[in-house]
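Residue-level listing of the chains:
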Amino acid sequence: MNEQSPVKKRWSITAKEALIGTAIVILHFCLWFGFAYGLGSGPPEEYQYIAGLPAWFFFSCVIVPIFIIILVALAVRFFFTDISLEEEEEKK
């Protein structure tokens with residue numbers, strides 16, 4: 001039986017969770033950048049407005065953060081593991 005030590009198990013869990021968090025941050029930046037500079041690259045006279053805000057601002061600063069908050073909640077619920085950070089003595 002090739003069981004990992006508790007420390008190695010915690011490190012593998014935290015490494016996986018760090019990668020998930022990093023991926024969410026990169027996705028957030030890409031979506032924000034895409035909407036802000038994709039929809040907002042034209043002259044202001046040609047902007048479309050949603051709820052009184054320019055469409056680029058509405059999507060990049062209202063919709064994307066809501067989407068990311070939901071994505072983080074789902075990631076925490078389904079992919080993150082509750083582990084103790086205290087040193088535990090192995091019981092034999």
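For every chain, the first residue of the written sequence is number 1, and numbering continues from 1 along that sequence. In keeping with the model being predicted, local features are shown solely for residues with a pLDDT of at least 70 and side-chain atom pairs are shown and tallied solely at 80 or more, while totals for entire chains, interfaces and linings include all residues. Neither water nor hydrogens contribute to the side-chain values; these are computed over all heavy atoms in the structure.

Quick question: what am I supposed to make of the overall build of the protein chain here?
Where helices and strands are cited, they refer to DSSP runs of H or I of at least four residues and of E of at least two residues respectively, numbered from the N terminus. Along the backbone of the protein chain there are two helices and two strands. Taken from the N to the C terminus, the helices and strands of the protein chain come in the order α-β-β-α. Expected size for 92 residues packed as a compact globule is a radius of gyration near 12 Å; at 21 Å, the protein chain overshoots this value by more than 25%. Here the C-alpha coordinates of the protein chain stretch approximately 75 × 20 × 20 Å along the principal axes. For the radius of gyration, the atom set is restricted to C-alpha positions; the globular benchmark scales as 2.2 Å times the number of residues to the power 0.38.

I keep staring at the side chain of Glu17 and nothing clicks. Help me out?
In this structure, Glu17 sits in helix H1 (residues 6-39). At a separation of 2.7 Å, a polar atom in the side chain of Glu17 contacts the main-chain amide nitrogen of Thr81. Not counting residues within four places of it along the chain, the set of residues in contact with Glu17 comprises Phe79, Phe80 and Thr81. Pairing of N or O atoms within 3.5 Å defines a polar contact, subject to two protein rules: one partner must be a possible hydrogen donor and the other a possible acceptor, and residues neighboring in sequence count only if both atoms are side-chain atoms. For this analysis, residues touch if any pair of their heavy atoms sits within 4.5 Å.

What am I meant to see in the state of the cysteines here?
The term disulfide refers to a covalent linkage connecting the sulfur atoms of a pair of cysteines. Throughout, a disulfide means two cysteine sulfur atoms within 2.5 Å of one another. With the rule as written, the count across this model stands at zero disulfides. Of all cysteine sulfurs in the structure, the one in Cys61 sits closest to Cys30, which takes part in no disulfide; the separation is 15 Å. Buried means the residue's accessible area, taken with a 1.4 Å probe over protein chains only, is under 20% of the maximum for its type, while exposed means over 50%, and partly exposed covers the values in between. Its relative accessible area of 33% is what places Cys61 among the partly exposed residues.

When you look at H1 in this model, what are you seeing that I'm missing?
Three or four residues apart is the spacing at which side chains of an α-helix point the same way, because the helix has 3.6 residues per turn. What a helix should span is 1.5 Å times the count of its residues minus one. Look at H1: 49 Å from first C-alpha to last across 34 residues, which is about the 50 Å you get at 1.5 Å a residue. Turning to H1, its buried residues are Arg10, Ile13, Glu17, Ile20, Ile24 and Ala36.

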